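Results of the structural survey
As a plain string of letters, each chain reads:
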Amino acid sequence: MTYELDILSIKTLTHNVKRFRISKPNNYIFIPGQATNVAINKPGWRDKKRAFTITSLPDDESLELIIKIYPEHNGVTKALNDLKPGNQLLLEEPWGKLTYKGPGLFIAGGTGITPFLAIFRMLEQQNKLEKIKLLYANKTSKDIIQENELSILLEERVQFILTNEDRSEYKKAYLDLDFLRHKIQNKQQYFYVCGPAEMTKHIGQYLKTMAVEEHFIILDDQ
């Protein structure tokens, strides 16, 4: 089923990321971490669907999408960048298997943080965040999404990692095998990985090399 939904508000979060709040259909049921296919309800755009994570919680009054804009591409996100409150989006039913299974280490790159935001918000409501840790990698500090919120939610259990910038308050590193070996002592926990496709694939391989059991590895590779 496809829903025609009004954009309620748009807020710039970083230099290339925006938050869209949109109206929520009755009985729209999803699990934190799931995504939906989105299109713009305008001629020429209705069949151009892209998948984005729902970052709001199931009992919120509206839906939230956090979307990275690529103005250099003449595509959907560039068109999304031009929208205003009152315009409409087309959303389909939610889907995705990147949902919470139990405590563990979350590893995110860039906009790969979005499903984890929804999960962390859910766990905060349930007072179950104390056994959650996060490694969050970006190119530079200006690319970090919801840094303040993540710091409040996870406190010392989040480490912000930069690959292309050297600043004292962040860790400059790459999420390679050596780095993960140093960071991971407990292999009997869940490992949630979401980010660019190559990053997700490689980290999944690194975890297997480290003898993490396959059922503990949850990749956003669908």
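Preceding block: the structure.
The structure displayed is predicted, hence computed values, not measured ones. (Residues numbered from 1 in each chain as written. Predicted model: local features only at pLDDT ≥ 70, side-chain atom pairs only at ≥ 80, totals over all residues. Heavy atoms only, no water.)

1. A closer look at the nonpolar core
Core analysis: the biggest nonpolar cluster contains 29 residues, and I113, F116, F120, L134 and Y136 have the highest contact counts within it. Element by element, the count of residues in this core is highest for helix α2 (residues 114-125), at six residues. Once residues lying within four places of it in the same chain are set aside, the contact partners of L134 are L105, F106, A108, I113, F116, F120, L150, L154, R157, V158 and Q159. By size, the runner-up hydrophobic cluster in this structure holds 21 residues, among which are I7, F30, I54 and I67. (Core = buried A, V, L, I, M, F, W, Y, C linked by side-chain atoms within 4.5 Å. Buried < 20%, exposed > 50% of the residue type's maximum accessible area, 1.4 Å probe, protein only. Helix = DSSP H or I, 4+ residues; strand = E, 2+ residues; numbered from the N terminus. Contact = heavy atoms within 4.5 Å.)

2. Topic: the environment of D47
Within the secondary structure layout, D47 lies in the loop between β3 (35-40) and β4 (50-53). For D47, a relative accessible area of 62% corresponds to the exposed category.

3. Quick notes on α2
In this model α2 runs 17 Å from its N-terminal to its C-terminal C-alpha over 12 residues, within 8% of the 16 Å that 1.5 Å per residue would give. Extensive coverage of α2 is indicated by the burial of 10 of its 12 residues. Within the span of α2, buried status applies to T114, P115, F116, L117, A118, I119, F120, R121, M122 and L123. The secondary structure elements touched by the buried residues of α2 are β4, β5 (62-68), β7 (104-109), β8 (132-138), α3 (147-154) and β11 (190-194). Positive backbone phi, at 55°, marks N127, one or two positions downstream of α2. (Expected span 1.5 Å × (residues − 1).)

4. Brief notes about the packing of aromatic side chains
Across all of its chains, the model carries 11 aromatic pairs by this definition. Summarising the aromatic geometry, the rings of F160 and Y170 are spaced 6.5 Å apart at their centres and angled 80° between planes, so their arrangement reads as edge-to-face. With F160 in strand β9 (residues 158-162) and Y170 in the loop between β9 and β10 (171-172), the pair connects residues that are 10 residues apart, well separated along the chain. There is no split in this pair, since F160 and Y170 are both buried. For the ring pair Y190 and Y192, a centre distance of 6.1 Å and an interplane angle of 40° mean the geometry is tilted. Judged by its relative accessible area of 21%, Y190 is partly exposed. Put simply, the rings of Y100, F106, F116, F120, Y190, Y192 and F216 pair up and form one aromatic cluster. (Phe/Tyr/Trp six-rings, centres within 6.5 Å; stacked < 30°, edge-to-face > 60°.)

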